[in-house]
Amino acid sequence: MQFDPEKLRAYYADHPDDISLDDVDLERIPRHVSIIMDGNGRWAQSRGLDRSQGHVAGVDSLREAVTTSVRLGLDVLSVYAFSTENWRRPQHEVDLLMHLFATTLVNELPLFHQENVRLRFFGDLSALPEQTRLVFQRGLDETADHSGMVFALAVNYGSRAEIVRAARELVGEALEGKLSAEDVCEEALAERLYTAGLPDPDLLIRTSGELRLSNYLLWQLAYTEFYVTDTLWPDFSRWDFLRAIVSFQGRSRRFGGVVAS
């Protein structure tokens, strides 16, 4: 996706000592960055606050991540917002998150319109409260014609469930005679995942220092570069995003092969 160099320079004008836009090769920006947003609860508890306040604070970091991704010219930004396992959290926290999803999306729609961002969701939305689903559908409808960056939210998402769902679709189509055994391949399964039509992530960022995937995009992350930072999500800034990009650009992506000598 094309970016505006003047807006990008202005966005990164005042930089800390260790990083600046000059450290980035703007010709090698990843197409798709995905983020596991972790550490909201710990951020709040370290300040003597309720965990819910960490989720509220995390919204500001998410807004900045979207703006940063647009400024850098990403094709796709995807974030892990709520997993299938997160239903096990205390009910008041789940209720707060569902409310926060709805209110945040309504509040951010002007930004999506301004930046030409198209919204997308990964996950089974049928289990969400009706009001949340209605707001999500509004976001999909209002941004359907946008031609800029895709912003994908993984909500009620679990990668194993996603793969099982895709496999069931393949089996169902085979039983109906629409597919033969020879038609079942990696591409056929990928076309039935929530991410169909999008490039696999080039870079996965995980905040708060956790070293696990947490049942997130297990198929799609096969050759993705990982960047883990101890920074808690509410403290994650445009500069942290830039540090992740610089780290990514310092690696050799071989996809199982070797670099020619």
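As a reminder, the structure under discussion sits directly above these lines.
In this report, the structure presented in the accompanying data block is examined. (Residues numbered from 1 in each chain as written. Predicted model: local features only at pLDDT ≥ 70, side-chain atom pairs only at ≥ 80, totals over all residues. Heavy atoms only, no water.)

## Section: the layout of surface pockets
Of the pockets and cavities examined, the largest pocket occupies roughly 720 Å³. What lines the largest pocket is a set of 37 residues, among which Met 37, Asn 40, Tyr 80, Ala 81 and Phe 82 lie closest to the centre. When residues of the lining of the largest pocket are traced back to their parent elements, those giving at least two are helix H2 (40–45), helix H3 (51–72), strand S2 (76–83), helix H4 (91–114) and strand S4 (150–157). Ranked by residue count, the leading element in the lining of the largest pocket is H4, at 8 residues. Class assignment for the residues of the lining of the largest pocket results in 19 nonpolar, 10 polar and 8 charged. Its volume calculated, the second largest pocket comes out at about 220 Å³. Counted by class, the lining of the second largest pocket contains 6 nonpolar, 3 polar and 3 charged residues. (1 Å grid on protein atoms, 1.4 Å probe; cavity = no way out; pocket = protein on both sides within 12 Å on 5 of 7 lines; lining within 4 Å. Points joined across faces, edges and corners; volume = space filled by probe spheres on them. Helix = DSSP H or I, 4+ residues; strand = E, 2+ residues; numbered from the N terminus. Nonpolar A, V, L, I, M, F, W, Y, C, P; charged D, E, K, R; others polar.)

## Section: the nonpolar core
In terms of nonpolar packing, the biggest core is built from 51 residues, with Val 33, Ile 35, Leu 72, Leu 77, Phe 151, Val 155 and Phe 241 touching the most fellow members. Ranked by the residues each element gives to this core, the list is headed by H4, at 9 residues. Residues within four places of Val 33 in sequence aside, it is in contact with Leu 74, Val 76, Leu 77, Ser 78, Leu 203, Ile 205, Phe 241 and Ile 245. Counting 14 residues, the second largest nonpolar core, distinct from the first, contains Val 76, Ala 154, Tyr 157 and Leu 198. (Core = buried A, V, L, I, M, F, W, Y, C linked by side-chain atoms within 4.5 Å. Buried < 20%, exposed > 50% of the residue type's maximum accessible area, 1.4 Å probe, protein only. Contact = heavy atoms within 4.5 Å.)

## Here's the deal with the packing of H3 against helix H8 (residues 238–249)
Taken N-terminus to C-terminus, the directions of H3 and H8 make an angle of 50°; their axes are 9 Å apart at the nearest point. Classified by the interaxial angle, the pair formed by H3 and H8 is oblique. Considering how the two elements wind past one another, H3 and H8 form a crossing that is right-handed. Residue-level inspection shows Glu 64, Ala 65, Thr 68, Ser 69 and Leu 72 of H3 in contact with H8, the latter providing Arg 238, Phe 241, Leu 242 and Ile 245. (Axes fitted to C-alpha atoms, helices over the stretch in contact; angles between N-to-C directions. Parallel < 35°, antiparallel > 145°, perpendicular 65-115°, else oblique. Left-handed = near helix turned anticlockwise from the far one by under 90°.)

## Considering the pattern of salt bridges
Taken as a whole and judged by the stated rule, the model has 22 salt bridges. Between Asp 235 and Arg 47 there is a salt bridge, and its shortest N-O distance comes to 3.9 Å. Note that Asp 235 is positioned in the loop between strand S6 (225–228) and H8 and Arg 47 in the loop between H2 and H3, a separation of 188 residues in sequence. A salt bridge links Arg 251 to Glu 225; the shortest N-O distance between them is 3.2 Å. A residue pair is termed long-range when its members are at least 10 positions apart, and Arg 251 in the segment after H8 and Glu 225 in strand S6 qualify at 26 residues. Residue class for Arg 251 comes out partly exposed when judged on its relative accessible area of 27%. Given a relative accessible area of 17%, Glu 225 falls into the buried group. Shared partners join several salt bridges into a network, and the residues in it are Asp 38, Arg 42, Arg 206, Glu 210 and Arg 212. (Salt bridge = Lys/Arg side-chain N within 4 Å of Asp/Glu carboxyl O.)

## Digging into unusual backbone geometry
Despite not being glycine, Asn 156 has its phi angle at roughly 50°, a positive value. Within the fold, Asn 156 resides in strand S4. Not every positive phi belongs to a glycine, and Asn 215 is a case in point at roughly 60°. Residue placement: Asn 215 occurs in the loop between strand S5 (203–206) and S6. On the basis of relative accessibility, which here comes to 17%, the residue Asn 215 falls in the buried class.

## A word on the pairing of S6
Side chains Glu 225 and Tyr 227 project from S6 onto a buried face, and the interleaved Phe 226 and Val 228 project onto a face without burial. Both S5 and S6 contribute to a ladder of 4 bridges, which runs parallel. The residue bridging Ile 205 from the neighbouring strand is Tyr 227, located in S6. (Pairing = 2+ DSSP bridges.)

## Digging into the packing of aromatic side chains
Scanning all chains against the criterion turns up 13 aromatic pairs. Consider the rings of Phe 82 and Trp 87, whose centres lie 4.9 Å apart with planes at 80°: the pair is edge-to-face. Note on Trp 87: relative accessible area 32%, which makes it partly exposed. Between Phe 101 and Phe 136, the aromatic rings sit 6.4 Å apart at their centres with planes inclined by 45°, giving tilted as the arrangement. Taken together, the residues span a long stretch of sequence, with Phe 101 in helix H4 and Phe 136 in helix H5 (residues 130–143) at a distance of 35 residues. (Phe/Tyr/Trp six-rings, centres within 6.5 Å; stacked < 30°, edge-to-face > 60°.)

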